Amino acid sequence: MELRQEGLATDRPLVSVVDDDESVRESLPDLVKEFGFAVRTFSSPEEFLASDCVRQTKCLILDIAMPGMSGPDLQRELKLRGHGIPIIFITASTDKTVRPQLLEQGAIECLFKPFSDTALLEAVNSALHSK
Amino acid sequence: MEVQPELASGEVQHLQRCINDLISLLALPAIWSGGDPSHVLHTLLDALMRMLRLDLVSVRLTDPVGGAPVEIVRLAELRAPMPSAHEICEALSQCSKNDSRKWPPPLRNLMGMGDVSIVPLPLGLQGELGVIVAAAERADFPRQTEALLLSVAANQASIGLQEARLRSHQMRVASELDQQVVQRTAELATANEELKKELADRRLIEDRLGEEEKELKRSEIRKAAIVDSALDCIVTIDHEGCITEFNPAAEHTFGYSRDEVLGKHLADVIIPPSLREKHRQGFARYLATGEARVLGKRIEMMAVRADGSEFPVELAITRIPLEGPPSFTGYLRDITERKWAEQELQRSEAFLAEAQRLSRIGSFSWRVPADEITWSEQLYRIFQIDRDVQVTFALIGTRIHPEDLSVFQEHIERSRRDRSDVQLEFRLQMPDGAVKYVHLVAHIRGDHGQLEYIGAVQDVTERRSSEEALSTARSELSHVARVTSLGVLTASIAHEVNQPLSGIVTNAGTCLRMLAADPPNVDGARETARRTIRDGNRASEVISRLRSLYGKKDPTIESVDLNEAAREVLALSLSELQRSRVILRPELAHDLPLVAGDRVQLQQVILNLLRNASDAMSTIDDRPRDLLIRTEPDDNDRVRLSVSDVGIGFEPQATDKLFEAFYTTKNGGMGIGLSVSRSIIERHHGHLWATPNNGPGVTFSFSIPCRPEGLTSDGTRASRIPSVSDAA
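Thresholds applied
- Once a new chain begins, its residue numbering starts again from 1 and follows that chain's sequence as written.
- The order in which chains are written sets their letters, starting at A; the order in which ligands are written sets their numbers, starting at 1.
- Only residues with pLDDT of 70 or above have their local features reported here, since the model is predicted, and side-chain atom pairs are shown and tallied only from 80 upward, although totals for entire chains, interfaces and linings are computed over all residues.
- To get the side-chain values, all heavy atoms of the structure are used, and hydrogens and water are removed first.
- Helix and strand assignments follow DSSP, with helices taken as H or I runs no shorter than four residues and strands as E runs no shorter than two, numbered in order from the N terminus.
- Buried residues are those whose accessible area, probed at 1.4 Å on protein chains only, stays under 20% of the maximum for their type, while exposed residues exceed 50% and partly exposed ones sit between those limits.
- Any two residues whose heavy atoms approach within 4.5 Å are treated as being in contact.
- Surface accessibility in these figures is a Shrake-Rupley result with a 1.4 Å probe; residues are shielded only by whichever protein chains are displayed.
- Between 30 and 60 degrees the pair is tilted, below 30 it is stacked and above 60 it is edge-to-face, where a pair is any two Phe, Tyr or Trp rings, Trp via its six-membered ring, whose centres lie within 6.5 Å.
- When DSSP finds at least two bridges between two strands, those strands are taken to pair.
- Crossover handedness is defined by viewing with both strands directed away from the observer: a clockwise path from the first strand over the helix to the second marks the crossover as right-handed.
- To define axes, lines are fitted to C-alpha atoms, for helices over the stretch in contact only, and angles between the resulting N-to-C directions are given on a 0 to 180 degree scale.
- It is the rotation of the near helix from the far one that decides the hand of a crossing: anticlockwise by less than a right angle makes it left-handed, clockwise makes it right-handed.
- Lys, Arg, Asp and Glu make up the charged group, whereas Ala, Val, Leu, Ile, Met, Phe, Trp, Tyr, Cys and Pro make up the nonpolar group; the residues left over, Gly among them, are polar.
- Any carboxyl oxygen of Asp or Glu that lies within 4 Å of a side-chain nitrogen of Lys or Arg is treated as forming a salt bridge with it.
- Definitions used for this entry: grid spacing 1 Å over protein atoms alone; cavity, a set of points where a 1.4 Å probe fits but cannot get out; pocket, an open set with protein on both sides within 12 Å along at least 5 of 7 lines; lining residue, one with an atom within 4 Å of a point.
- Grid points are joined across faces, edges and corners, and a volume is the space filled by probe spheres set on the points.
- The quantity reported as buried area is the accessible area (1.4 Å probe) lost by two parts once they are put together, taken as the sum for both.
- Two N or O atoms count as a polar contact when they lie within 3.5 Å, although within protein this holds only if one can serve as hydrogen donor and the other as acceptor, and sequence-adjacent residues are included solely when both atoms are side-chain atoms.

Engineer: Which residues make up the overall build of chain B, and what values go with them?
Structural biologist: From N to C terminus, chain B includes 18 helices and 22 strands. Considering chain B as a whole, with its 728 residues, one finds that 37% of them fall into the buried category. Across chain B, contacts joining residues at least 24 apart in sequence account for 54% of those joining residues at least 6 apart. Here chain B has roughly 42700 Å² of accessible surface; of this, 55% comes from carbon and sulfur atoms.

Engineer: For the packing of aromatic side chains, give the residues involved together with the corresponding values.
Structural biologist: All names here are of chain B. Counting across every chain of the model gives 10 aromatic pairs over all chains. Look at Phe-254 and Phe-311: their rings are 5.7 Å apart centre to centre, the planes differ by 55°, and that puts the pair in the tilted class. Within this pair, whereas Phe-254 is found in helix 5 (residues 248-254), its partner Phe-311 is found in strand 9 (residues 310-319), the two being separated by 57 residues in sequence. What makes Phe-311 buried here is its relative accessible area of 2%.

Engineer: A description of unusual backbone geometry should follow, citing residues and the corresponding values.
Structural biologist: Cis rather than trans, the peptide bond between Lys113(A) and Pro114(A) has omega equal to -10°. That bond from Asp518(B) to Pro519(B) is cis: its omega, -5°, falls within 30 degrees of zero. With respect to the helices and strands, Pro519(B) occurs in the loop between helix 13 (461-516) and helix 14 (522-550). In this model, Arg581(B) sits at a positive phi of 60°, which is unusual for a non-glycine residue. Note on placement: Arg581(B) falls in the loop between helix 15 (562-579) and strand 17 (582-588).

Engineer: If you had to explain the pairing of strand 3 (residues 57-63) of chain A to someone new, which residues and values would you point to?
Structural biologist: All names here are of chain A. Along strand 3, six of the seven residues are buried, which leaves the element largely enclosed by surrounding structure. Two elements, strand 1 (residues 14-18) and strand 3, share five bridges in a ladder whose sense is parallel. Bridge pairing in strand 3 links Val-18 to Leu-62. Here four bridges tie strand 3 to strand 4 (residues 87-91), and the two strands are oriented parallel to one another. Within strand 4, the residue paired with Asp-63 across the bridge is Ile-90. Each parallel crossover has a hand, and the one from strand 3 via helix 4 (residues 71-80) to strand 4 is right-handed.

Engineer: Could you give an account of the sheet that holds strand 15 (residues 452-459) of chain B, with specific residues and numbers?
Structural biologist: Residues and elements named next belong to chain B. Taking strand neighbours across the sheet as the criterion, the five strands line up as 12-11-15-14-13 in an open arrangement whose pairing is antiparallel. Looking along the sheet, the strands with just one partner apiece sit at the ends: strand 12 (372-375) and strand 13 (422-429). Between one strand and the next, the sheet's axes are offset by a mean angle of 25°, whatever the strand orientation. Pairing of strand 13 with strand 14 (residues 435-445), which is carried by eight bridges, proceeds in the antiparallel orientation. Across the sheet, the residue bridging to Glu-425 is His-439, located in strand 14. Relative to the sheet, helix 12 (residues 402-418) contacts strand 11 (361-367), strand 13 and strand 15, its axis offset from that of strand 13 by approximately 150°.

Engineer: Give a description of the packing of helix 2 (residues 22-35) of chain A against helix 6 (residues 117-128) of chain A that names residues and reports values.
Structural biologist: Residue and element names in this part refer to chain A. The N-to-C vectors of helix 2 and helix 6 enclose an angle of 60°; their axes lie 11 Å apart at closest approach. For the crossing formed where helix 2 meets helix 6, the hand is right-handed. Contacts between helix 2 and helix 6 involve Leu-28, Leu-31, Val-32 and Phe-35 from the former and Asp-117, Leu-120 and Leu-121 from the latter. Of the residues belonging to the contact of helix 2 with helix 6, the class tally is six nonpolar, no polar and one charged.

Engineer: Go over the pattern of salt bridges, please, and point to the residues and values.
Structural biologist: All names here are of chain B. On inspection of all chains with the given rule, the structure shows 50 salt bridges over all chains. The partner of Arg-585 in a salt bridge is Glu-410, with the nearest N and O atoms 3.1 Å apart. Of the two residues, Arg-585 is situated in strand 17 and Glu-410 in helix 12; the sequence distance between them amounts to 175 residues. Arg-585 gets classed as partly exposed once you look at its relative accessible area, which sits at 27%. Since its relative accessible area comes to 18%, Glu-410 is described here as buried.

Engineer: Describe in detail empty space enclosed by the protein, supporting the description with residues and values.
Structural biologist: All names here are of chain B. Within the structure shown, the criterion is met by five cavities of 30 Å³ or more. Its boundaries defined by the atoms lining it, the largest cavity holds a volume of some 200 Å³. It is helix 12 that contributes the most residues to the lining of the largest cavity, four residues altogether. Looking at the lining of the largest cavity, its residues break down into 16 nonpolar, two polar and no charged.

Engineer: Talk me through the sheet that holds strand 5 (residues 109-112) of chain A; I want residue IDs and the actual numbers.
Structural biologist: All names here are of chain A. Judged by pairing direction, the sheet is parallel, and its five strands sit side by side in the order 2-1-3-4-5 without closing on themselves. Among the strands making up the open sheet, the edge pair consists of strand 2 (38-42) and strand 5. The mean inter-strand angle of the sheet, taken between neighbouring strand axes irrespective of direction, is 20°. Packed onto the sheet, helix 6 meets strand 1, strand 3, strand 4 and strand 5 and runs at close to 135° relative to strand 3.

Engineer: So what about the interface of chain B and chain A? Which residues, and what values?
Structural biologist: For interface size, the figure often reported is the accessible area lost on association. Every contact between the two is made by 21 residues of chain B and, on the other side, 22 residues of chain A. Here chain B meets chain A over a buried area of about 1800 Å², counting both sides, of which 51% is carbon and sulfur. Ranking the residues of chain B by area buried against chain A places Gln499(B), Thr506(B) and Arg513(B) at the top, with a combined share of 32%. Linking chain B with chain A are three salt bridges, by the criterion used here. Of the charged contacts, one joins Asp30(A) and Arg531(B) as a salt bridge, the two residues approaching to 2.5 Å between their closest N and O atoms. Counting the contacts that link chain B with chain A gives four residue pairs in polar contact (both at pLDDT 80 or more). Among the elements of the structure, helix 13 and helix 14 of chain B are those that each provide at least two residues to the side of chain B that touches chain A. Sorting elements by how many residues they give to the side of chain B that touches chain A places helix 13 of chain B first, with 15 residues. Of the residues that constitute the side of chain B that touches chain A, the class distribution is five nonpolar, 11 polar and five charged.

From the geometry alone we can't say anything about function, so treat these as descriptive.
If you want it as structure tokens, here you go:
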């Protein structure tokens, strides 16, 4: 753990996860670390915005439907504040129609839960190389 | 003179006896006094027989008073055989014809007697009265004294007879006189009676006349009372048009007192100045020609009061049927209020007609026994039929949309039969092909002989088209809503399940990566495996939570009256069924046993069967869309409810599939209804089945057990019916 904490301080890109679902917040960080990235988790967009990670975050894995601010709300807010963080949306919804809309709005990817580890890795990689 | 003593003494006795007899004979008239001839003769003959010891004495009267000859015979006793008086008289008359003065001529063997000396004694101076004959067998008969006695007796008899005859004559005269008197008296009495009777009659007539006079007087009083208290004005006028009577109602109405107007011309008193000339002309014409334009009719005209105000009156004039110059009675009634009411009525009718026109509602009356139909103006307008056409059902039929005609006729027949209120929607087809939707409501009233439907027909075409648009929108909306809600449900299920699934997949992926690392991160892998198990459990919790949220709940078991349940469903569906032009025929059994079950679920089944039946007939236009719903007791303490349609039906081989979920004969249907219905019925220990009808269509029936004995009405022993979860 210490090593990984240290890793946060290293040049490993920071991937932030915002999801109100605890199981996601528990499971995703381990996987993302296995990918070799630094990771931070937040239970709501508000918590993320209030944190000091906004600037450092190189990729945002963002749930769509949450109480309070939704994923897209956060996307708009970040755009408003001038933070062009690449965003990977994840959703438990089965409504496939949201994906093109989100991509059009600038999202890197939209993954429908449950998604495979490789699909996530591809998305994170493309996010980090999007600039 | 010198005589022998013995002889002398016998002679003396004989003479003494002779003198005594003579005195007796002379005394006879005193005895005869007042007697009739027959009495005279009887006493004389008796006396002679006794005095002269005769064997026979007879008398024969030649001219008895007023009758045949009287013959009397006396014979001495003990002579037998007795000859009849007539025989003796005949024999004696022979000898009496001889010279009566040459007596005594002896007669021999007269009547069986021996030699008889006979002495005839004529009665009257010339024997004109008759003759007495005395006879004796004695040879010395008659001795000198005896002859003397006989002649004295004959004289006495003549005198007595004469007197008796005279007396008899007098008596006859007196009697005749008496009779005449009696007769006359009787006549007088009769005349008297007649007079009395006449008198009585006359008195009666007088009494009657008096009564009539009284009655007449009473009648006049009554009439006066009627006239006085009449609500109508009663005014009589004479042949000159002058008022002779003016009753209190007239005084009140016209504002004149009777005394003021008596003798005045009617025209000057109550007829408005503008009409006076006309009145005078009419009156003069009647008097001159007898031509009456107003007599015996009710006419309306204007009248004028004492204060000059004019008002409408109804007037009837009759001529008083009396001899002499004509006189008239006029009955007048102030009809101001009636006129006002008439105007109000006209106004109100105009309002109503206008209201009907604006609201597109026409009203009608249908007198059922005579099939008389009356329409309001607006109804003619709705049907586009000329006002002067007589309305008949045949005529109405020509305006009704062909597809709705059978339903309409069915309703008419049912109304005629059941006398129940009617509510019906149907279409009209105008000659130009335009279609109108109308809504008809009618109430029955009156009794058997005077049965009448009063109703209204509203043109609801506009409302209907907007309703149809609305209905289409609604059904589309409901479809969208159903699809949407299904999607939402699916999404929410997916969302709830996907969250833990996502955890599972992620953890499993992480676990594999940790184990594949060099060196393998066994602790991390263990941790992710643990979270995988936890998320798996969470997913299964989600499923069970969903099941409890969306799953079927236990049914509420209670006593259910299937008829009542069915009626509720029918009431809810009636308008929809009518809209689908379905003719509903409920045949709900009386005294249907209760069943135990979930009322709402059973009603869902009934509703489902009704909808299916209605849908199955939606394309049927060549026959009435009859829908029969029937309840009846079934075998083995069960109750059966069946719904029959005349719809498209189904292929016999499809029967098995009917109740499978997602099987449907409908274009837009999901096919869920029947399978759900069957499972509900089976949960009630019943069964649901379908049979093709003999004619067109299908009958769906279900049969469920009656409420078990002892089940209370609140269903407290419902535990005998297993719940759904038990059955599942």
